[in-house]
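The residues making up each chain are set out below.
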Amino acid sequence: MPVQLLKIIKGKSESPLPSHLPEDLKHLQEGFDHTNKYFQGIVLLSYPLMKLEDGTDFFKIVLQDLNDLCSRINSINILIYGKMAEDCARVIRPGDTSIVTGFKVAKSPTADEDGRHSCHLEVSEEAGSAIYVLIEFFLLFPNFIMLFQRVAPKYMYTSLDQLKDGTIVNLYGVVKFFKPPYVSKGTDYCSIITLVDPSNVKLTCTLFNGNLDSLPKIYKVGDIVRFHRIKIREYNGQMQGVTSMGFASLTFDGTVGAPVVPRTSSKVYTFMDEEQKTIEELRVWAASNLSISGPAAKLSGVQPMLFFDLTCQLVGKAKVDGSSFLLKVWDGTKCPYPTWKVPVEARDLEGEKAVLHQLRNLTVDILVYDNHVQLAKSLKVGSFLRIYSIHTKQASGDDEVGSHIEFHLHGGTCYGRGIGVLPESNPDVKELKAFLESVDLAGSQNMESMSSVEFDGTFSNITDLESQLQRCQQLPVTVLTDHQDLNNTELKTILNSPAPQQYRIRAKLRTYKPQKLHQALKLHCSKCNSLQEVPDGDDFDFILQGSAVTVPNPELQSASWYDSATWTTQDQKQRKIAIHFVKHDEMLQQPEDTLLMIEGGTLKEVWKLTQRFKCVIPVRSTENDLELLDLSAPFLLQGNIKYYGCKLCSTPKPIKNLSSIAAEQRPSWEPTEIAQVLGIEPLQYVFIMRFTLVDGTGAVNAYLFDYEKFFQIPPSEILSNNFLQQKMQMTMNTLCPPGRKLDDLPWLECFIKSYNVRDATKHQVYYQIFDTTVAEDVV
DNA sequence: TTAGGGTTTG
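Note that the structure is predicted; figures quoted are calculated from it, not measured.

So, the overall build of chain A
Looking only at helices and strands, chain A has 14 helices and 40 strands in total. With 779 residues in all, chain A has 52% of them scored as buried. Pairs at least 24 apart in sequence give 65% of the contacts found in chain A among residues at least 6 apart. About 36800 Å² of surface is accessible on chain A, with carbon and sulfur atoms providing 51% of the total.

Things to note about the pattern of salt bridges
Enumeration over the complete set of coordinates arrives at 21 salt bridges. Among the salt bridges present, the one from K317 reaches E350, with a minimum N-O distance of 4.0 Å. Remark: E350 occurs in strand β20 (residues 349-350) and K317 occurs in strand β18 (residues 306-321); sequence separation between them is 33 residues. For E350, a relative accessible area of 42% gives the class partly exposed. Salt bridges here are not isolated pairs; linked through shared partners, they connect K83, D87 and R90.

Considerations on the nonpolar core
In this structure, M597, L658, I674 and F691 are the most contacted members of the largest nonpolar core, which totals 69 residues. Counting contributing residues, this core receives three or more from each of domain 4 (478-519 + 685-774) and domain 5 (531-680). In contact with I674, other than residues within four places in its own chain, are L595, C615, I617, F635, L636, L658, I661 and W669. Among the nonpolar cores identified, the runner-up in size contains 36 residues, and V169, L171, L195 and L359 belong to it.

As for the protein's contact with DNA strand B
Inspection of the region around DNA strand B gives 30 residues, with F307, K393, G411, Y415 and R417 positioned closest. A share of 30% is what sugar and phosphate atoms reach among the atoms of DNA strand B within 4 Å of the protein. In this structure, T187 approaches DNA strand B through a side-chain N or O atom, which is 2.8 Å from a base nitrogen. In the environment of DNA strand B, a base oxygen lies 3.1 Å from a nitrogen or oxygen atom belonging to the side chain of K202.

A short note on unusual backbone geometry
Note that the residue after A499, namely P500, is joined by a cis bond; omega there is 0°. With respect to the secondary-structure elements, P500 resides in the loop between α8 (491-495) and β26 (501-513). In this structure, P514 follows K513 across a cis peptide bond, with omega equal to -10°. Inspection of the secondary structure assignment puts P514 in the loop between β26 and β27 (521-524).

Remarks on a nonpolar patch on the surface
Together, L44, L45 and Y47 make up a nonpolar patch on the protein surface, roughly 230 Å² of accessible area in all. Tracing the chain through its elements places Y47 in the loop between β3 (38-46) and β4 (50-51).

Focus on the side chain of R229
The residue R229 is located in strand β15 (residues 224-235) in this model. The residues touching R229, leaving out its near neighbours within four places in the chain, are G128, Y155, I168, V169, N170, S244, M245, G246, F247 and A248.

Some thoughts on the sheet that holds strand β14 (residues 202-209)
A barrel is described by the order of its strands in space; here five strands give the closed sequence β12-β13-β14-β16-β15, paired in mixed fashion. Adjacent strand axes in the sheet meet at a mean angle of 50° when their direction is disregarded.

A look at the packing of aromatic side chains
Taken as a whole and judged by the stated rule, the model has 13 aromatic pairs. On the numbers, 4.8 Å between centres and 85° between planes, the contact of W561 with Y562 is edge-to-face. On the basis of an interplanar angle of 85° and a centroid distance of 5.8 Å, the ring pair of F687 and F711 is categorised as edge-to-face. Within this pair, whereas F687 is found in strand β36 (residues 684-694), its partner F711 is found in the loop between β37 (699-706) and α13 (715-718), the two being separated by 24 residues in sequence. Accessibility classification places F687 together with F711 in one group, the buried group. By way of ring pairs, the aromatic residues F687, F691, F710 and F711 are connected into one cluster. Looking at K60, its charged tip hangs above the ring of Y47, at a distance of 4.8 Å from the centre. Residue placement shows K753 over the ring face of F770; its charged tip is 5.0 Å from the ring centre.

Here we look at helix α10 (residues 603-612)
Where α10 is concerned, the buried positions are L603, E605, V606, L609 and T610. All buried residues of α10 fall inside an arc of 170° around its axis, so they share one side.

A word on the side chain of S129
With respect to the element layout, S129 can be found in the loop between β9 (119-123) and β10 (130-138). Taking relative accessible area as the criterion, S129 reaches 2% and is therefore assigned buried. Here the side chain of S129 touches G102 through a polar contact of 2.8 Å, landing on its backbone oxygen. There is a polar contact of 2.9 Å between the side chain of S129 and the backbone oxygen of S124. If we skip the residues at most four places from it in the chain, S129 touches M84, T101, G102, F103, E122, V123, S124 and R150.

Some details on the pairing of β3
Looking down a regular strand, the side chains alternate between one sheet face and the other. Across five bridges, the pairing between β3 and strand β7 (residues 97-101) is antiparallel. Following the sheet pairing, F39 is matched in β7 by V100. Relative to strand β5 (residues 57-64), β3 is paired through four bridges, and the arrangement is antiparallel. Among the inter-strand pairings, S46 is bridged to a residue of β5, identified as I61.

Observations concerning the pairing of β18
Bridge analysis of β18 against strand β22 (residues 384-395) gives seven bridges, and the strand direction is antiparallel. Note on β22: the bridge partner recorded for F307 is H391. Strand direction decides the pairing type here: β18 and strand β19 (residues 324-330), joined by seven bridges, are antiparallel. Across the sheet, A318 pairs through a bridge with L326, a residue of β19. Summarising the sheet, β18 and β20 pair through two bridges and their orientation is antiparallel. Residue pairing for β20: A318 is matched across the bridge by L349.

Considering the confidence of the model for chain A
With 88% of its residues at a pLDDT of 70 or more, chain A has an overall mean of 85. Across residues 11-20, where pLDDT falls below 50, the model places 24 contacts with residues more than four positions away in sequence or in other chains. Within the model, pLDDT remains below 50 along residues 439-466, and this stretch shows 35 contacts once partners closer than five positions in the same chain are excluded.

Let's talk about the environment of R690
Along the chain, R690 turns up in strand β36. For R690, a relative accessible area of 27% corresponds to the partly exposed category. On a C-alpha basis, the gap between R690 and P514 in space is 7.4 Å, while along the polypeptide they are 176 residues apart. Apart from the residues lying within four places of it in its own chain, the contact partners of R690 are T511, Y512, K513, N701, A702 and Y703.

Brief notes about the state of the cysteines
On inspection of all chains with the given rule, the structure shows zero disulfides. A disulfide-free cysteine, C525 has its sulfur positioned 3.6 Å from the sulfur of C528, the nearest such atom. On the basis of relative accessible area, C525 is assigned to the buried category, the value being 0%.

The rules behind these values
- Residues numbered from 1 in each chain as written.
- Chains lettered and ligands numbered in written order.
- Predicted model: local features only at pLDDT ≥ 70, side-chain atom pairs only at ≥ 80, totals over all residues.
- Heavy atoms only, no water.
- Helix = DSSP H or I, 4+ residues; strand = E, 2+ residues; numbered from the N terminus.
- Buried < 20%, exposed > 50% of the residue type's maximum accessible area, 1.4 Å probe, protein only.
- Contact = heavy atoms within 4.5 Å.
- Areas by Shrake-Rupley, 256 points an atom, 1.4 Å probe, with all protein chains shown as cover.
- Salt bridge = Lys/Arg side-chain N within 4 Å of Asp/Glu carboxyl O.
- Core = buried A, V, L, I, M, F, W, Y, C linked by side-chain atoms within 4.5 Å.
- Domains from an automatic or database assignment.
- Near = heavy atom within 4 Å.
- Polar contact = N/O pair within 3.5 Å; in protein donor to acceptor, adjacent residues only side chain to side chain.
- Patch = residues over 30% accessible without salt bridge, like charges linked within 9 Å, V, L, I, M, F, W, Y side chains within 5 Å.
- Pairing = 2+ DSSP bridges.
- Axes fitted to C-alpha atoms, helices over the stretch in contact; angles between N-to-C directions.
- Phe/Tyr/Trp six-rings, centres within 6.5 Å; stacked < 30°, edge-to-face > 60°.
- Lys NZ or Arg CZ within 6 Å of the ring centre and 35° of its normal.
- Arc of directions from axis to C-beta.
- pLDDT = per-residue confidence, 0-100.
- Disulfide = S-S within 2.5 Å.

Below you can see the structure in the form of structure tokens.
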């Protein structure tokens, strides 16, 4: 089954009046418009898939509204018909968080018996419904993001030359012409939009909605739209698009290279990297096939007798008479001609008196007429506007000042005449604001910096230490795991014997190195036998920052074996993040079973992802493939463990080799297996210490290479686990209590082996502890 | 239902 990611962003909405909110049960009523609304709940129950009399598949689930647990009725029946029933029955399980969109509300015939909501929701593919299942929360990104998996086939998009009368389709198009939403003579706002696409066919759409916010947020010719469920009709021998039930739109900036961030009032929309690709392709097509006017005129550049679009800030407004309304605006530049001032009563002028006075030489008066008056009245002083097709009219000077320029927004909507409110996130508004303020107020976002945890100096309290000591004076604090039949050998004998040999000893730990235990942790390559320090968080951060410069390659978004989601951060850096979720059997898995690859993430983001997903692999885009970062960075993160590869012994292989593991029946994502397919020679975490052991006959320095057996602490986990750090310190305090005389030290039972190390100039015998572990009651 | 793009004019 195809998998589609859905992104829901909670937080600051682009629109000042967000209307497409999640629906709650209280407001769910038969006969009301629930277009573009969604209902989110937990699956309380699911019934077996069945067939209706006409052969239609039918599946019923019960969703509980978690936001409204106090209400007597907080659950509702969801009736799923057709192909969608089959898909849902396969995927949806009780306990899942689920979203239903495009539903029809009908009276529930079973409400009296089951005590659930008096209505039920009917969903089917034909009705344009969709059902999603939550796969993950992302709380770490600037906006709180939830990712859902769509339980239905993908949307299909129709090219503009393939449209047929009477159909409802999904389509993409580049805006060739538009009328910003205006108040129609009926009950709704209306927006006219003409689209073109690479088939070179035009489609004019007439869109209505009672809610201004539900219409596409088009700001300029060249913007790209995606329409879902638009109805195609023939009118005057041409195809025409009109709003249908469930119509939904996304609008994207059409500038090549601009971030692909959809503008929508809908807080729920499907988000796929395939679509990002489509947008980017359309941008490129439009750049060479569509004449898009350059930057809009500034007041300083206006000419008399022209029509132009102005991006500006509203400083004041006033009613003039029944059919006209005054807007006082500025764009920071000065009009080179004398401009008229529309006489209004001071009491009718709305706006900060001080600001109006301060900017009196930079503001211009724009008189708007007829159908624009209603919208003009509703504008907020201080908001940013784009006024389309303002007429600059030269008035002959019949006063002593001479001729002046007048600004009119005539009635009607010809030539896209109208007023649009731009959100503060709009790039042109950002530019204008910066210009108006001449100060950059945007503060940089400080990500909490993370450094690796050091684990020395964590002593437990003194009472614990005393009781441990008492126990240790009687029994050995270490025990043997093998070779119990061997007899003890005195250290003096060992020192006088040739190597290599193995011995059982009974000795005391006089001292050890390093005393700072975090220094004992190393990375070891079993192939070339090299040892290295564990890189700290700053090293990794540095590499991540370096790799974030490489923008994710759109060509590599979503492949047969992974689905991708991308973000652009809302801060100044506009950093691009891509997450590639590796699929199994064409499906995304539960987060705890999922391997993902991330591009452009920060240390904190990567770390957060590791807390939720089974495996995280930081990657970057090349021209043809994703690739691992520098091997100074971990090639894999699992939970709190960073896995590193040996720089000398690794020969990185293509990332797509991971797909072979993904194709296994139950991918276990073992680090060793991942390393193997990626051509990485994994480094192992190891504690390396030097124990000075004494037994009254002599002293031996013996090395401990402990992968886990001795301390029974996985070295890979110690950096992130405070408890393990304390445990290790406690163990060492028991083996070698600080400040004690030799007589008071506990006995250790150990196996040691001697070995020769020779180089050109000298020969030395070394000793290594093996098959020994700390006694059970010590750890 | 509204508007159905195409040069407005106070």
